[in-house]
Amino acid sequence: MKPTYYLRKLKELSKRYARAQQVPLHKARDAVAEVLGFSHWNDVTKAHRAGWTPTKEHVSAVESLLVEALPGDEAGGPRSGSFIGDSVFETDVQHGTIDGHEYSISASMGDVHMHGTGWHLYVPEAPNAEPRLEIAKQIEHEAPVYEAAFQQEALGIAIKRAEQVRAGIASDWPRRSTKPDKDGLVRHPLNGAESDKWFCLHCDTSITGEQIARSLWHCPRCDASPLNIFESPWWLEEHDAQPKPFSDKEKQGRPELVVDVVDTRPKLKLDTEKVTLLIRSALVEDASNVSERLGALFADIFVHDDNDLSITFDEDLWPENKEPISALAVAAHLGINVDQHLCLRDLPFAWPGLGEHTESTVEYTKMMLNAYASQRADKDFE
Ligand SMILES: [Zn+2]
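These remarks concern the structure in this document. (Residues numbered from 1 in each chain as written. Predicted model: local features only at pLDDT ≥ 70, side-chain atom pairs only at ≥ 80, totals over all residues. Heavy atoms only, no water.)

A look at the environment of Tyr 122
Relative to the helices and strands, Tyr 122 is located in strand β4 (residues 119–123). Tyr 122 gets classed as partly exposed once you look at its relative accessible area, which sits at 26%. The sequence separation of Tyr 122 and Val 258 amounts to 136 residues, and the corresponding C-alpha distance is 9.9 Å. Setting aside chain neighbours within four positions, we find Tyr 122 in contact with Asp 111, Val 112, His 113, Pro 131 and Arg 132. (Helix = DSSP H or I, 4+ residues; strand = E, 2+ residues; numbered from the N terminus. Buried < 20%, exposed > 50% of the residue type's maximum accessible area, 1.4 Å probe, protein only. Contact = heavy atoms within 4.5 Å.)

Below is the structure:
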């Protein structure tokens with residue numbers, strides 16, 4: 001094992017300890033340092049730079065610290081250091097390097113995802129489905145991920161993880177689901193039906209018990225999930241074409257890696273909705289009291305086909321000669337001309353002038369409620 005492996009492990013353990021104890025990471029690292037005979041974590045890294053490396057015993061000692069910290073059910077099996085080291089981290093995101101390039105790998109819903117700088121390798125749960133590598137176009141010249149050797153090494157790591165995931169899934173299933181009996185009969189892992197012949201609802205393929213067990217209950221032809229596999233093609237009518245048997249020659253095991261190079265940089269698409277959002281945000285900024293703020297939110301903003309823009313303010317909520325300075329500046333950045341109009345509309349609240357006396361919406365709400373209440377108080381006629 002490389003010396004850096006143990007240092008990395010210590011860092012992982014510190015993180016886990018920090019989470020378990022709900023203490024800041026630096027405190028957890030200091031606690032770990034103490035177990036190793038140092039007074040601070042800084043001293044550990046200094047020593048490491050000078051050539052000191054933790055031993056397996058050191059790691060075990062820190063693992064024991066963690067076992068003490070974790071609740072029993074989280075630690076899982078036996079309360080011994082090595083168990084934690086072997087199992088706890090396997091369920092989480094794992095990190096590693098290929099030729100000095102860092103990657104992380106994790107499993108989600110049976111699929112394996114591996115990420116590095118500017119690339120993402122994806123191995124689907126279905127054992128016959130193709131693995132895909134997405135490379136960000138913009139890293140073209142910096143990344144070794146274009147090299148076949150690098151790709152194959154990454155693929156090897158991801159496939160290995162996929163096999164572990166697969167083994168985990170299979171271990172939860174009845175034995176008869178993964179191992180046909182002497183007549184080729186297998187049991188569906190989800191609904192318990194038994195048969196030596198199966199059918200895919202998606203592509204009408206007929207599949208032998210051995211084939212479906214081998215492909216982990218995904219359709220070997222179209223990769224449909226186990227939910228689409230049935231012991232009879234009940235959806236077919238008499239005059240429909242008969243299901244086509246799957247031949248092992250068609251496809252067996254993982255197809256070749258498919259590489260997609262795509263520009264993953266976020267692209268700006270300024271549609272009318274986004275322009276309106278920016279302009280309205282600026283209008284709110286231009287408002288100097290609650291009345292004007294309501295006016296900014298209530299204003300009608302219309303983006304024309306030629307990209308010019310009309311803002312229609314309500315006369316009672318926006319002073320006639322007030323220039324919406326920020327909104328005009330935003331429009332200028334976007335290269336948009338602005339027309340301003342005034343109109344009179346039904347307002348959401350009576351007495352719009354009330355909002356001119358305060359910047360606080362809370363204050364305004366109180367005033368507005370009082371105004372409505374007081375007119376009820378001195379009612380002389382219904
Ligand atoms: Zn299918």
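Observations regarding the coordination of the zinc ion
In the first shell of the zinc ion, the protein supplies Cys 200 (SG), Cys 203 (SG), Cys 219 (SG) and Cys 222 (SG), at 2.3 Å from the metal. Considering all 4 donor atoms around the zinc ion, the spread of angles at the metal, 105 to 112 degrees, places the coordination shape in the tetrahedral class. Mapping the donors of the zinc ion onto the primary sequence gives the spacing C-x2-C-x15-C-x2-C. A relative accessible area of 1% means that Cys 219 is categorised as buried. Given the relative accessible area of 31%, Cys 222 is considered partly exposed. (Donors = N, O, S within 2.8 Å, 3.2 Å for Na, K, Ca; no water. Tetrahedral: all angles 85-135°; square planar, octahedral: opposite > 155°, others 65-115°.)

Side note on the pattern of salt bridges
All chains considered together, the criterion is met by 11 salt bridges. Ionic pairing is found between Arg 132 and Asp 260, a salt bridge with its closest N-O pair at 3.2 Å. Separated by 128 residues along the polypeptide, Arg 132 in strand β5 (residues 132–136) and Asp 260 in strand β12 (residues 258–262) bring together distant segments of the chain. Accessibility expressed as a relative area gives 25% for Asp 260, which makes it partly exposed. The residue Arg 265 makes a salt bridge to Asp 263 at a minimum N-O spacing of 2.8 Å. Residue class for Arg 265 comes out partly exposed when judged on its relative accessible area of 47%. (Salt bridge = Lys/Arg side-chain N within 4 Å of Asp/Glu carboxyl O.)

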